[in-house]
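# Inside the fold
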Amino acid sequence: MTDEERRAEIVREARAIFYELGYAGTTMDLVANRCRISKQTLYRLFPSKTDLFVAIIAQHRASMLALPRPEDETLPFDKTLEQIFMIDIDEDRERERDAFIHLVISESQQSPEIAMLLHTYGGKQSQQMLADWLLEQQRRGVIEIADAESGARMLMSMIFDAMISRPGRPKDWTDRETRLRHLRHCIAIFTAGVRPRQDSG
């Protein structure tokens, strides 16, 4: 098994342990035992529990935003946004995503360290990646946007607020199709707002 394959296996197992025991209850010894590897191997690939959790956050980020995009992509702007935000993922992937969100919300309330890791390696990086993509679309003449970072923040607020089911909050949608229509409406409104204006002169 290559180091890359081993790292992926460790992240999968550690994620399950974090779900089960939380951040405080998870130890590197336990992760090594569950993965049937030596502590030496674990620490070579992940020097600390923080490094391991950051890897899990990065994996989660990839389940929330499909970025970067292929350089030769030719989809219309709105359809690409649907792909980036993966607004129509299957129910199994959605449950997995929700489980991690519920974990980090709970852990962040108890640990400032977790809140900072999530902000730095999750939300902040995601927003920057999306802003960079918007700037690239502007460079190509696909959109006009005065502030790409503000646009990225706006998009993430609209889409994630509708997609993410927070613990303790009643469901906002009667069914998945209703939510999907809402998400496409949000994307359509944003797309109309950044569509290049024709020179009237």
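Figured I'd write up the structure that's included with this text. Keep in mind the model is a prediction, meaning the values are calculated, not measured.

## Overview of the overall build of the protein
The helix and strand inventory of the protein stands at nine helices and zero strands. Along the protein, helices (α) and strands (β) appear in the sequence α-α-α-α-α-α-α-α-α when read from the amino end. With respect to the three principal axes, the spread of C-alpha positions in the protein is 70 × 40 × 30 Å. Across the 201 residues in the protein, those meeting the buried criterion constitute 38%. Counting contacts in the protein only where the partners sit at least 6 residues apart, residues at least 24 apart contribute 66% of the total. In the form shown here, the protein has an accessible surface area of approximately 11700 Å², with 50% of it arising from carbon and sulfur atoms.

## Here we look at the pattern of salt bridges
In this structure the tally under the stated criterion is 14 salt bridges. Notably, a salt bridge pairs Arg-95 with Glu-91, separated by 4.0 Å at the nearest N-O pair. Placement of both Arg-95 and Glu-91 in helix α6 (residues 91-110) is noted, with a separation of four residues, approximately one turn of the helix. It is possible to trace a salt-bridge network through shared partners that takes in Lys-79, Glu-82 and Arg-184.

## Considering helix α5 (residues 77-85)
Looking only at α5, the buried set comprises Phe-77, Thr-80, Leu-81, Glu-82, Ile-84 and Phe-85. Against the buried residues of α5 lie α4 (49-64), α7 (112-139), α8 (148-163) and α9 (176-194). Note on α5: the residue one or two positions beyond its end, Met-86, has a positive phi of about 50°.

## Concerning the nonpolar core
Residues Leu-81, Phe-85, Leu-130, Leu-134, Ile-159 and Phe-160 are the most contacted members of the largest nonpolar core, which totals 30 residues. When contributions to this core are tallied by element, the ones reaching two or more residues are α5, α7, α8 and α9. With eight residues, α8 is the single largest residue contributor to this core. Every residue in contact with Leu-134, bar those within four places of it in the chain, is listed here: Phe-77, Ile-143, Ile-145, Ala-148, Gly-151, Ala-152, Leu-155 and Phe-190.

## A short note on the environment of Ser-111
Take Ser-111: it is sitting in the loop between α6 and α7. Look at Ser-111 and you get buried, because its relative accessible area is 16%. Residues Ser-111 and Ile-187, spaced 76 residues apart in sequence, show a C-alpha to C-alpha distance of 34 Å.

Cut-off values and rules
- Residues numbered from 1 in each chain as written.
- Predicted model: local features only at pLDDT ≥ 70, side-chain atom pairs only at ≥ 80, totals over all residues.
- Heavy atoms only, no water.
- Helix = DSSP H or I, 4+ residues; strand = E, 2+ residues; numbered from the N terminus.
- Buried < 20%, exposed > 50% of the residue type's maximum accessible area, 1.4 Å probe, protein only.
- Contact = heavy atoms within 4.5 Å.
- Areas by Shrake-Rupley, 256 points an atom, 1.4 Å probe, with all protein chains shown as cover.
- Salt bridge = Lys/Arg side-chain N within 4 Å of Asp/Glu carboxyl O.
- Core = buried A, V, L, I, M, F, W, Y, C linked by side-chain atoms within 4.5 Å.

As far as function goes, none of this settles anything; it's purely spatial.
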